[in-house]
Amino acid sequence: GYPICGSVVHMLGSLWAQTGGHDNVEQIEALLSDIVASGPEGKALVQYRLAGTMKGLEERLAPNGQDPFEVSLRRRLQEDVKGLPYEASTQKASSQICISDGHGRQCTFSWP
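Source: prediction; values computed, not measured.

Looking at helix 3 (residues 40–61)
It helps to recall that an α-helix has 3.6 residues per turn; residues three or four apart then point in one direction.
Part 1 of the reasoning: Between its first and last C-alpha atoms helix 3 spans 31 Å; for 22 residues at 1.5 Å apiece the expected length is 32 Å, and the two agree.
Part 2 of the reasoning: What helix 3 keeps buried is the set Gly 42, Val 46, Leu 50, Thr 53, Leu 57 and Leu 61. Seen from one end, helix 3 has its buried residues packed into an arc of 70°, which puts them on one side. Among the exposed residues of helix 3, those oriented more than 90 degrees off its buried face are Pro 40, Glu 41, Leu 45 and Tyr 48.
Part 3 of the reasoning: Close packing links the buried residues of helix 3 with helix 1 (6–18), helix 2 (25–37) and helix 4 (69–82).

Describing the packing of helix 1 against helix 2
Part 1 of the reasoning: Contact geometry for helix 1 and helix 2: axes closest at 10 Å, N-to-C directions at 120°. As far as their axial angle goes, helix 2 and helix 1 are oblique. Classified by chirality, the crossing of helix 2 by helix 1 is right-handed. Residues Met 11, Leu 12, Leu 15 and Trp 16 of helix 1 lie in contact with helix 2, whose contacting residues are Val 25, Ile 28, Glu 29 and Leu 32.
Part 2 of the reasoning: A per-class count over the contact of helix 1 with helix 2 returns seven nonpolar, no polar and one charged.

Remarks on the pattern of salt bridges
Part 1 of the reasoning: In this structure the tally under the stated criterion is three salt bridges.
Part 2 of the reasoning: Of the charged contacts in the structure, one is a salt bridge between Lys 55 and Glu 59, with a shortest N-O distance of 3.7 Å. Of this pair, Lys 55 and Glu 59 both sit in helix 3, four residues apart, which is roughly one turn of that helix.
Part 3 of the reasoning: With a closest N to O distance of 2.9 Å, Asp 67 and Arg 75 form a salt bridge.
Part 4 of the reasoning: Looking at Asp 67, the relative accessible area reads 13%, which means it is buried.

Rules used in this analysis
Residues numbered from 1 in each chain as written. Predicted model: local features only at pLDDT ≥ 70, side-chain atom pairs only at ≥ 80, totals over all residues. Heavy atoms only, no water. Helix = DSSP H or I, 4+ residues; strand = E, 2+ residues; numbered from the N terminus. Expected span 1.5 Å × (residues − 1). Buried < 20%, exposed > 50% of the residue type's maximum accessible area, 1.4 Å probe, protein only. Arc of directions from axis to C-beta. Contact = heavy atoms within 4.5 Å. Axes fitted to C-alpha atoms, helices over the stretch in contact; angles between N-to-C directions. Parallel < 35°, antiparallel > 145°, perpendicular 65-115°, else oblique. Left-handed = near helix turned anticlockwise from the far one by under 90°. Nonpolar A, V, L, I, M, F, W, Y, C, P; charged D, E, K, R; others polar. Salt bridge = Lys/Arg side-chain N within 4 Å of Asp/Glu carboxyl O.

In short, the description is geometric, and any link to function would need to be established separately.
Pasting the structure below:
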């Protein structure tokens, strides 16, 4: 019932995925909330985890990283296009997406 930032959503999803998707994500969110509410140490612990997660993503998506932004985004968009209905993926019209990551890196993707 309240807005949360994308990094928290990412961390919730990552923790949920580590359970194999068996736990209720709301239970994981409640546990994180309890940790933060436990006091300054709990809040700092969650902030530290978020900072580490974001730093890891930044390093992975860097131009020389394990999965550079443009390569990663292009691969994921190609997978999305594969899931389109046949009619949508074979039409004569084309679409183009240009996305920037806020650090000067961008990816332009066109289909079909």
